[in-house]
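# Secondary and tertiary structure notes
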Amino acid sequence: MSNFELVVKLLLQLTVILATCRVVTMIGRRYLGQTDVVCEMIAGVMLGPSLFGAIAPEMQQWLFPKVPLILETGAKIPNPSMSILFAISQIGLVIYMFLIGLEFNTELLKHHAKSAGLLSGAGIITPFVLGAIASFLLYNNGDFFQPGVALWAAALFLGASMTITAFPMLARILYERGLAKTRLGTLALGAASVDDGVAWCLLAIVLASLKNSALIAAIAIGGGIGYTLLMIFVGRPIFTIFTLWTKRDGGVTRQTLTVLLIVLMFVSWFTDLTGIYAIFGAFIAGAVMPRGEFAQQVRHRTEFLTTSFLLPIFFVFSGLNTQIGLVNTLFLWAVTVIILIIAIVGKGVSCMLAARFGSETWRNSAAIGSLMNARGLMELIILNVGLEQGIITPTLFTIMVIMAIITTLMASPLVAFFLDEKSDKKSQAY
(Lines give C-alpha, C1' and ligand atoms only; values in the text may rest on other atoms or scores of the structure.)
Protein backbone atom coordinates (compact mmCIF):
# COMPACT_ATOMS: atom_id res chain seq x y z
CA MET A 1 0.00 0.00 0.00
CA SER A 2 1.49 3.34 -1.08
CA ASN A 3 1.69 6.43 1.12
CA PHE A 4 -0.98 8.10 -1.02
CA GLU A 5 -3.38 5.17 -0.51
CA LEU A 6 -2.73 5.24 3.23
CA VAL A 7 -3.59 8.94 3.42
CA VAL A 8 -6.76 8.51 1.36
CA LYS A 9 -7.96 5.65 3.56
CA LEU A 10 -7.06 7.53 6.74
CA LEU A 11 -9.14 10.53 5.67
CA LEU A 12 -12.12 8.27 4.94
CA GLN A 13 -11.67 6.46 8.27
CA LEU A 14 -11.65 9.75 10.15
CA THR A 15 -14.73 10.94 8.28
CA VAL A 16 -16.69 7.80 9.17
CA ILE A 17 -15.47 7.84 12.79
CA LEU A 18 -16.32 11.46 13.47
CA ALA A 19 -19.68 11.29 11.68
CA THR A 20 -20.72 8.11 13.49
CA CYS A 21 -19.66 9.49 16.85
CA ARG A 22 -21.61 12.68 16.22
CA VAL A 23 -24.81 10.87 15.26
CA VAL A 24 -24.62 8.35 18.13
CA THR A 25 -23.80 11.14 20.59
CA MET A 26 -26.79 13.22 19.50
CA ILE A 27 -29.11 10.24 19.98
CA GLY A 28 -27.49 9.05 23.19
CA ARG A 29 -27.49 12.43 24.89
CA ARG A 30 -31.05 13.30 23.90
CA TYR A 31 -32.85 10.00 24.45
CA LEU A 32 -30.64 7.92 26.75
CA GLY A 33 -29.07 10.53 29.02
CA GLN A 34 -25.54 9.35 28.19
CA THR A 35 -22.41 11.50 28.04
CA ASP A 36 -20.30 11.92 24.92
CA VAL A 37 -17.68 9.49 26.13
CA VAL A 38 -20.13 6.58 26.49
CA CYS A 39 -21.72 7.33 23.14
CA GLU A 40 -18.31 7.31 21.46
CA MET A 41 -17.57 3.90 22.98
CA ILE A 42 -20.85 2.56 21.60
CA ALA A 43 -20.02 4.09 18.22
CA GLY A 44 -16.73 2.19 18.23
CA VAL A 45 -18.51 -1.11 18.90
CA MET A 46 -21.01 -0.32 16.14
CA LEU A 47 -18.20 0.27 13.63
CA GLY A 48 -16.56 -3.04 14.57
CA PRO A 49 -17.50 -6.62 13.67
CA SER A 50 -20.45 -6.63 16.11
CA LEU A 51 -22.66 -4.44 13.86
CA PHE A 52 -20.94 -2.95 10.81
CA GLY A 53 -19.04 -6.20 10.28
CA ALA A 54 -22.22 -8.24 10.59
CA ILE A 55 -24.09 -6.09 8.07
CA ALA A 56 -21.30 -5.51 5.55
CA PRO A 57 -18.28 -7.62 6.50
CA GLU A 58 -16.26 -6.98 3.35
CA MET A 59 -16.74 -3.22 3.53
CA GLN A 60 -15.95 -3.16 7.26
CA GLN A 61 -12.73 -5.12 6.75
CA TRP A 62 -11.73 -2.87 3.87
CA LEU A 63 -12.28 0.30 5.87
CA PHE A 64 -10.88 -1.00 9.17
CA PRO A 65 -8.64 -3.93 8.20
CA LYS A 66 -7.63 -6.09 11.15
CA VAL A 67 -6.00 -8.85 9.10
CA PRO A 68 -2.19 -8.45 9.25
CA LEU A 69 -0.10 -8.07 6.12
CA ILE A 70 2.07 -11.01 5.09
CA LEU A 71 5.48 -10.01 3.73
CA GLU A 72 7.40 -11.89 1.06
CA THR A 73 9.52 -13.42 3.80
CA GLY A 74 6.41 -14.85 5.40
CA ALA A 75 6.51 -12.48 8.38
CA LYS A 76 3.29 -10.86 9.55
CA ILE A 77 2.97 -7.17 10.40
CA PRO A 78 -0.05 -5.14 11.58
CA ASN A 79 -1.96 -3.43 8.82
CA PRO A 80 -0.32 0.03 8.42
CA SER A 81 -3.73 1.67 8.06
CA MET A 82 -4.77 0.58 11.54
CA SER A 83 -1.34 1.28 12.98
CA ILE A 84 -1.62 4.92 11.92
CA LEU A 85 -5.11 5.17 13.41
CA PHE A 86 -3.87 3.62 16.65
CA ALA A 87 -0.98 6.08 16.90
CA ILE A 88 -3.28 9.07 16.43
CA SER A 89 -5.67 7.70 19.06
CA GLN A 90 -2.86 7.38 21.59
CA ILE A 91 -1.73 10.96 21.06
CA GLY A 92 -5.27 12.20 21.71
CA LEU A 93 -5.54 10.10 24.85
CA VAL A 94 -2.20 11.34 26.20
CA ILE A 95 -3.08 15.02 25.69
CA TYR A 96 -6.52 14.54 27.20
CA MET A 97 -5.21 12.83 30.32
CA PHE A 98 -2.69 15.63 30.71
CA LEU A 99 -5.57 18.12 30.68
CA ILE A 100 -7.39 16.05 33.30
CA GLY A 101 -4.27 16.10 35.46
CA LEU A 102 -4.07 19.84 34.97
CA GLU A 103 -7.49 20.15 36.65
CA PHE A 104 -6.72 17.62 39.37
CA ASN A 105 -6.96 19.33 42.76
CA THR A 106 -4.09 17.83 44.75
CA GLU A 107 -4.65 20.19 47.69
CA LEU A 108 -8.24 19.04 48.03
CA LEU A 109 -7.12 15.40 47.94
CA LYS A 110 -4.73 16.07 50.83
CA HIS A 111 -7.64 17.31 52.92
CA HIS A 112 -9.53 14.06 52.28
CA ALA A 113 -6.64 11.59 52.29
CA LYS A 114 -8.44 9.18 54.61
CA SER A 115 -11.55 9.00 52.46
CA ALA A 116 -9.52 8.68 49.24
CA GLY A 117 -7.34 5.93 50.73
CA LEU A 118 -10.35 4.00 52.02
CA LEU A 119 -12.11 4.33 48.68
CA SER A 120 -9.04 3.22 46.75
CA GLY A 121 -8.48 0.23 49.03
CA ALA A 122 -12.08 -0.92 48.63
CA GLY A 123 -11.81 -0.49 44.87
CA ILE A 124 -8.73 -2.71 44.76
CA ILE A 125 -9.10 -5.45 47.35
CA THR A 126 -12.75 -6.48 46.97
CA PRO A 127 -12.93 -6.75 43.15
CA PHE A 128 -9.51 -8.38 43.03
CA VAL A 129 -10.48 -11.09 45.52
CA LEU A 130 -13.81 -11.76 43.79
CA GLY A 131 -12.11 -11.84 40.38
CA ALA A 132 -9.49 -14.28 41.64
CA ILE A 133 -12.21 -16.55 43.07
CA ALA A 134 -14.02 -16.44 39.72
CA SER A 135 -10.82 -17.49 37.94
CA PHE A 136 -10.62 -20.61 40.12
CA LEU A 137 -14.10 -21.58 38.96
CA LEU A 138 -13.38 -20.89 35.28
CA TYR A 139 -9.83 -22.19 35.10
CA ASN A 140 -10.52 -25.86 34.38
CA ASN A 141 -12.90 -24.97 31.55
CA GLY A 142 -10.83 -24.60 28.39
CA ASP A 143 -13.12 -21.90 27.00
CA PHE A 144 -11.66 -19.10 29.11
CA PHE A 145 -7.89 -19.33 29.66
CA GLN A 146 -5.24 -20.37 27.18
CA PRO A 147 -3.37 -23.66 27.77
CA GLY A 148 -0.15 -23.25 29.71
CA VAL A 149 -1.32 -20.30 31.80
CA ALA A 150 -0.78 -21.05 35.49
CA LEU A 151 -3.72 -20.80 37.87
CA TRP A 152 -2.12 -18.04 39.92
CA ALA A 153 -1.41 -16.05 36.73
CA ALA A 154 -5.03 -16.46 35.63
CA ALA A 155 -6.18 -15.29 39.07
CA LEU A 156 -3.91 -12.25 38.97
CA PHE A 157 -5.07 -11.29 35.50
CA LEU A 158 -8.80 -11.65 36.16
CA GLY A 159 -8.40 -9.90 39.51
CA ALA A 160 -6.59 -7.01 37.82
CA SER A 161 -9.28 -6.86 35.14
CA MET A 162 -11.97 -6.53 37.80
CA THR A 163 -9.93 -3.87 39.62
CA ILE A 164 -9.57 -1.57 36.61
CA THR A 165 -11.63 1.63 36.39
CA ALA A 166 -12.45 3.54 33.22
CA PHE A 167 -10.15 6.36 34.25
CA PRO A 168 -10.41 8.42 31.02
CA MET A 169 -14.18 7.93 30.94
CA LEU A 170 -14.59 8.71 34.63
CA ALA A 171 -12.57 11.87 34.13
CA ARG A 172 -14.60 12.95 31.14
CA ILE A 173 -17.95 12.22 32.81
CA LEU A 174 -16.87 14.33 35.77
CA TYR A 175 -15.68 17.09 33.47
CA GLU A 176 -18.86 17.12 31.37
CA ARG A 177 -20.99 17.35 34.50
CA GLY A 178 -18.83 20.05 36.08
CA LEU A 179 -17.70 17.78 38.93
CA ALA A 180 -13.97 17.53 38.19
CA LYS A 181 -13.03 20.16 40.79
CA THR A 182 -15.47 19.06 43.48
CA ARG A 183 -14.73 16.92 46.52
CA LEU A 184 -16.64 14.05 44.94
CA GLY A 185 -14.74 14.34 41.67
CA THR A 186 -11.37 14.60 43.38
CA LEU A 187 -11.98 11.51 45.51
CA ALA A 188 -13.14 9.48 42.50
CA LEU A 189 -10.22 10.58 40.30
CA GLY A 190 -7.65 9.99 43.02
CA ALA A 191 -8.96 6.54 43.91
CA ALA A 192 -9.34 5.54 40.25
CA SER A 193 -5.78 6.57 39.43
CA VAL A 194 -4.40 4.45 42.27
CA ASP A 195 -6.64 1.50 41.38
CA ASP A 196 -5.55 1.52 37.75
CA GLY A 197 -1.90 1.89 38.71
CA VAL A 198 -2.16 -1.22 40.90
CA ALA A 199 -3.98 -3.09 38.13
CA TRP A 200 -1.21 -2.34 35.64
CA CYS A 201 1.42 -3.46 38.15
CA LEU A 202 -0.44 -6.74 38.55
CA LEU A 203 -0.57 -7.12 34.78
CA ALA A 204 3.17 -6.53 34.62
CA ILE A 205 3.70 -9.38 37.10
CA VAL A 206 1.53 -11.69 34.98
CA LEU A 207 3.44 -10.78 31.81
CA ALA A 208 6.71 -11.34 33.65
CA SER A 209 5.57 -14.83 34.64
CA LEU A 210 4.71 -15.66 31.03
CA LYS A 211 8.11 -14.50 29.80
CA ASN A 212 9.97 -15.91 32.81
CA SER A 213 11.43 -12.49 33.55
CA ALA A 214 11.13 -10.73 36.89
CA LEU A 215 12.78 -7.71 35.28
CA ILE A 216 9.55 -6.71 33.52
CA ALA A 217 7.64 -6.48 36.79
CA ALA A 218 10.52 -4.71 38.56
CA ILE A 219 10.81 -2.10 35.82
CA ALA A 220 7.05 -1.48 35.78
CA ILE A 221 6.61 -1.08 39.52
CA GLY A 222 9.94 0.60 40.26
CA GLY A 223 9.74 2.86 37.23
CA GLY A 224 6.22 3.99 38.07
CA ILE A 225 7.02 4.81 41.69
CA GLY A 226 10.29 6.47 40.77
CA TYR A 227 8.65 8.57 38.07
CA THR A 228 5.90 9.76 40.41
CA LEU A 229 8.35 10.77 43.14
CA LEU A 230 10.62 12.47 40.62
CA MET A 231 7.77 14.52 39.18
CA ILE A 232 6.55 15.59 42.62
CA PHE A 233 9.87 16.57 44.17
CA VAL A 234 11.92 17.58 41.11
CA GLY A 235 9.50 18.20 38.26
CA ARG A 236 7.08 20.44 40.15
CA PRO A 237 9.74 23.07 41.07
CA ILE A 238 11.21 22.99 37.56
CA PHE A 239 7.84 23.43 35.88
CA THR A 240 7.31 26.77 37.65
CA ILE A 241 9.31 28.16 34.73
CA PHE A 242 6.11 27.88 32.66
CA THR A 243 4.46 30.38 35.00
CA LEU A 244 7.41 32.76 34.64
CA TRP A 245 7.31 32.52 30.86
CA THR A 246 3.54 33.11 30.83
CA LYS A 247 3.92 36.28 32.92
CA ARG A 248 6.89 37.48 30.90
CA ASP A 249 5.21 36.99 27.49
CA GLY A 250 1.73 38.06 28.56
CA GLY A 251 0.32 34.59 27.95
CA VAL A 252 1.17 31.10 26.72
CA THR A 253 3.07 31.52 23.46
CA ARG A 254 3.64 28.96 20.72
CA GLN A 255 7.18 28.41 22.00
CA THR A 256 5.95 27.72 25.54
CA LEU A 257 3.30 25.32 24.28
CA THR A 258 5.90 23.52 22.14
CA VAL A 259 8.19 23.00 25.13
CA LEU A 260 5.24 21.73 27.14
CA LEU A 261 4.31 19.22 24.43
CA ILE A 262 7.92 18.01 24.28
CA VAL A 263 7.85 17.36 28.03
CA LEU A 264 4.47 15.64 27.76
CA MET A 265 5.52 13.33 24.92
CA PHE A 266 8.74 12.39 26.73
CA VAL A 267 7.15 11.50 30.07
CA SER A 268 4.41 9.55 28.29
CA TRP A 269 7.06 7.62 26.38
CA PHE A 270 8.92 6.87 29.58
CA THR A 271 5.93 5.51 31.50
CA ASP A 272 4.86 3.48 28.47
CA LEU A 273 8.37 2.08 28.28
CA THR A 274 8.24 0.99 31.92
CA GLY A 275 4.97 -0.86 31.31
CA ILE A 276 2.69 1.32 33.45
CA TYR A 277 1.01 2.97 30.43
CA ALA A 278 1.43 6.39 28.86
CA ILE A 279 -1.73 7.97 30.23
CA PHE A 280 -0.44 7.82 33.80
CA GLY A 281 2.70 9.65 32.82
CA ALA A 282 0.55 12.29 31.17
CA PHE A 283 -1.87 12.54 34.09
CA ILE A 284 0.87 12.92 36.71
CA ALA A 285 2.65 15.51 34.55
CA GLY A 286 -0.55 17.53 34.40
CA ALA A 287 -1.11 17.17 38.14
CA VAL A 288 2.28 18.73 39.01
CA MET A 289 2.07 21.57 36.48
CA PRO A 290 1.51 25.17 37.66
CA ARG A 291 -2.07 26.36 37.92
CA GLY A 292 -3.53 29.81 37.31
CA GLU A 293 -3.29 31.66 34.01
CA PHE A 294 -0.86 29.15 32.51
CA ALA A 295 -3.19 26.20 33.05
CA GLN A 296 -6.25 28.09 31.82
CA GLN A 297 -4.58 29.12 28.56
CA VAL A 298 -3.17 25.64 27.91
CA ARG A 299 -6.66 24.17 28.27
CA HIS A 300 -8.11 26.86 26.02
CA ARG A 301 -5.56 26.14 23.27
CA THR A 302 -5.68 22.34 23.30
CA GLU A 303 -8.98 21.15 24.74
CA PHE A 304 -11.38 21.62 21.84
CA LEU A 305 -9.34 19.80 19.20
CA THR A 306 -8.47 17.01 21.63
CA THR A 307 -12.03 16.25 22.80
CA SER A 308 -13.73 16.83 19.44
CA PHE A 309 -11.24 15.18 17.09
CA LEU A 310 -8.49 13.11 18.69
CA LEU A 311 -10.25 11.47 21.63
CA PRO A 312 -13.16 9.93 19.65
CA ILE A 313 -10.55 8.11 17.54
CA PHE A 314 -9.25 6.38 20.67
CA PHE A 315 -12.71 5.19 21.73
CA VAL A 316 -13.62 3.96 18.25
CA PHE A 317 -10.30 2.20 17.70
CA SER A 318 -10.70 0.24 20.91
CA GLY A 319 -14.32 -0.61 20.10
CA LEU A 320 -13.26 -2.17 16.80
CA ASN A 321 -11.86 -5.19 18.71
CA THR A 322 -15.21 -6.15 20.26
CA GLN A 323 -17.05 -9.24 18.93
CA ILE A 324 -20.22 -9.66 20.97
CA GLY A 325 -21.39 -12.55 18.76
CA LEU A 326 -18.86 -14.92 20.35
CA VAL A 327 -21.14 -15.33 23.39
CA ASN A 328 -23.64 -17.70 21.77
CA THR A 329 -24.73 -20.30 24.36
CA LEU A 330 -26.84 -20.23 27.52
CA PHE A 331 -23.85 -21.34 29.57
CA LEU A 332 -21.70 -18.49 28.29
CA TRP A 333 -24.48 -15.99 28.93
CA ALA A 334 -24.85 -17.37 32.46
CA VAL A 335 -21.10 -16.87 33.00
CA THR A 336 -21.49 -13.35 31.62
CA VAL A 337 -24.24 -12.55 34.13
CA ILE A 338 -22.14 -13.94 37.00
CA ILE A 339 -19.13 -11.88 35.91
CA LEU A 340 -21.34 -8.79 35.72
CA ILE A 341 -22.71 -9.35 39.23
CA ILE A 342 -19.20 -9.87 40.62
CA ALA A 343 -18.06 -6.68 38.90
CA ILE A 344 -20.90 -4.55 40.27
CA VAL A 345 -20.70 -5.93 43.81
CA GLY A 346 -16.91 -5.93 43.94
CA LYS A 347 -16.38 -2.43 42.62
CA GLY A 348 -19.59 -0.42 42.73
CA VAL A 349 -21.10 -1.59 45.99
CA SER A 350 -17.81 -1.83 47.89
CA CYS A 351 -16.74 1.67 46.79
CA MET A 352 -20.14 3.05 47.72
CA LEU A 353 -19.87 1.60 51.22
CA ALA A 354 -16.28 2.83 51.56
CA ALA A 355 -17.30 6.37 50.55
CA ARG A 356 -20.16 6.30 53.03
CA PHE A 357 -17.83 5.08 55.76
CA GLY A 358 -15.60 8.02 54.84
CA SER A 359 -18.38 10.47 55.81
CA GLU A 360 -19.89 11.07 52.35
CA THR A 361 -23.67 11.28 52.07
CA TRP A 362 -25.52 8.24 50.76
CA ARG A 363 -26.29 10.03 47.49
CA ASN A 364 -22.67 11.07 46.96
CA SER A 365 -21.49 7.61 47.98
CA ALA A 366 -23.79 5.95 45.48
CA ALA A 367 -22.60 8.34 42.75
CA ILE A 368 -18.96 7.57 43.56
CA GLY A 369 -19.69 3.84 43.50
CA SER A 370 -21.36 4.22 40.09
CA LEU A 371 -18.37 6.10 38.70
CA MET A 372 -15.81 3.65 40.09
CA ASN A 373 -17.82 0.73 38.72
CA ALA A 374 -17.41 1.89 35.11
CA ARG A 375 -14.68 -0.09 33.33
CA GLY A 376 -14.91 1.32 29.82
CA LEU A 377 -12.01 1.24 27.42
CA MET A 378 -9.31 0.93 30.07
CA GLU A 379 -10.80 -2.52 30.55
CA LEU A 380 -10.63 -3.09 26.81
CA ILE A 381 -6.96 -2.14 26.83
CA ILE A 382 -6.01 -4.61 29.55
CA LEU A 383 -8.18 -7.29 27.93
CA ASN A 384 -6.50 -6.76 24.57
CA VAL A 385 -3.13 -7.20 26.24
CA GLY A 386 -4.34 -10.44 27.81
CA LEU A 387 -5.65 -11.68 24.48
CA GLU A 388 -2.54 -10.75 22.51
CA GLN A 389 -0.21 -12.25 25.14
CA GLY A 390 -2.05 -15.56 25.17
CA ILE A 391 -3.57 -15.34 28.67
CA ILE A 392 -7.29 -15.40 27.89
CA THR A 393 -9.35 -16.80 25.04
CA PRO A 394 -11.51 -14.73 22.67
CA THR A 395 -14.56 -16.05 24.55
CA LEU A 396 -13.52 -14.67 27.94
CA PHE A 397 -12.38 -11.50 26.18
CA THR A 398 -15.88 -11.00 24.79
CA ILE A 399 -17.56 -11.74 28.13
CA MET A 400 -15.37 -9.20 29.89
CA VAL A 401 -16.04 -6.64 27.15
CA ILE A 402 -19.79 -7.05 27.61
CA MET A 403 -19.30 -6.49 31.34
CA ALA A 404 -17.24 -3.38 30.63
CA ILE A 405 -19.88 -1.95 28.30
CA ILE A 406 -22.78 -2.55 30.72
CA THR A 407 -21.00 -1.15 33.79
CA THR A 408 -19.98 1.90 31.77
CA LEU A 409 -23.48 2.44 30.39
CA MET A 410 -24.81 2.35 33.95
CA ALA A 411 -22.49 5.08 35.22
CA SER A 412 -23.84 8.26 33.65
CA PRO A 413 -27.60 7.71 34.30
CA LEU A 414 -26.90 6.60 37.87
CA VAL A 415 -24.71 9.62 38.56
CA ALA A 416 -27.43 11.89 37.16
CA PHE A 417 -30.00 10.11 39.33
CA PHE A 418 -28.03 10.26 42.56
CA LEU A 419 -26.80 13.82 42.02
CA ASP A 420 -29.94 15.79 41.37
CA GLU A 421 -28.84 18.68 39.17
CA LYS A 422 -31.44 20.91 40.85
CA SER A 423 -29.87 20.37 44.26
CA ASP A 424 -27.55 22.87 45.82
CA LYS A 425 -24.14 22.32 44.25
CA LYS A 426 -22.49 23.70 47.34
CA SER A 427 -22.95 20.27 48.88
CA GLN A 428 -20.40 18.97 46.36
CA ALA A 429 -18.00 21.88 46.37
CA TYR A 430 -14.68 22.30 48.11
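I will try to describe carefully the structure that is included in this document. (Residues numbered from 1 in each chain as written. Predicted model: local features only at pLDDT ≥ 70, side-chain atom pairs only at ≥ 80, totals over all residues. Heavy atoms only, no water.)

### Observations concerning the nonpolar core
By size, the foremost hydrophobic cluster in this structure holds 131 residues, and its most contacted members are L85, M97, F98, W200, M289 and I339. In terms of residue count, helix α10 (residues 183-210) provides more of this core than any other element does, 13 residues in total. Once residues within four sequence positions are removed from consideration, L85 is found in contact with L10, Q13, L14, I17, F64, I313 and F317. (Core = buried A, V, L, I, M, F, W, Y, C linked by side-chain atoms within 4.5 Å. Buried < 20%, exposed > 50% of the residue type's maximum accessible area, 1.4 Å probe, protein only. Helix = DSSP H or I, 4+ residues; strand = E, 2+ residues; numbered from the N terminus. Contact = heavy atoms within 4.5 Å.)

### Quick notes on the packing of aromatic side chains
One pass over the full model with this rule turns up eight aromatic pairs. Of the aromatic side chains, those joined through ring pairs into one cluster are F239, F242, W245 and F294. Above the ring of W62, the side-chain terminus of K9 is found at 4.6 Å from the ring centroid. (Phe/Tyr/Trp six-rings, centres within 6.5 Å; stacked < 30°, edge-to-face > 60°. Lys NZ or Arg CZ within 6 Å of the ring centre and 35° of its normal.)

### So, a nonpolar patch on the surface
The grouping of I221, I225, L229, L230, I232, F233, V234 and I238 at the surface amounts to a nonpolar patch, some 720 Å² of accessible area in total. The residue I238 is located in helix α11 (residues 214-238) in this model. (Patch = residues over 30% accessible without salt bridge, like charges linked within 9 Å, V, L, I, M, F, W, Y side chains within 5 Å. Areas by Shrake-Rupley, 256 points an atom, 1.4 Å probe, with all protein chains shown as cover. Salt bridge = Lys/Arg side-chain N within 4 Å of Asp/Glu carboxyl O.)

### Regarding the side chain of T271
Of note, T271 is situated in helix α13 (residues 254-274). Of the polar contacts made by the side chain of T271, one reaches the backbone nitrogen of G281; its length is 3.5 Å. In this structure, T271 is in contact with Y227, I276, Y277, A278 and G281, ignoring residues within four places of it in sequence. (Polar contact = N/O pair within 3.5 Å; in protein donor to acceptor, adjacent residues only side chain to side chain.)

### Quick word on the environment of L93
Topologically, L93 is positioned in helix α5 (residues 80-103). The buried category is assigned to L93, whose relative accessible area is 0%. In this structure, the C-alpha to C-alpha distance between L93 and I313, residues 220 residues apart in sequence, is 9.1 Å.

### Digging into the packing of helix α17 (residues 362-373) against helix α19 (residues 394-418)
At a minimum axis separation of 8 Å, α17 and α19 run at an interaxial angle of 160°. Compared by their axis directions, α17 and α19 come out roughly antiparallel. Of the two elements, α17 crosses α19, and the hand of that crossing is left-handed. For the pair α17 and α19, contact is made by R363, A366, A367, S370, L371 and N373 and by T407, M410, A411, L414, V415, F417 and F418, respectively. Of the residues that constitute the contact of α17 with α19, the class distribution is nine nonpolar, three polar and one charged. (Axes fitted to C-alpha atoms, helices over the stretch in contact; angles between N-to-C directions. Parallel < 35°, antiparallel > 145°, perpendicular 65-115°, else oblique. Left-handed = near helix turned anticlockwise from the far one by under 90°. Nonpolar A, V, L, I, M, F, W, Y, C, P; charged D, E, K, R; others polar.)

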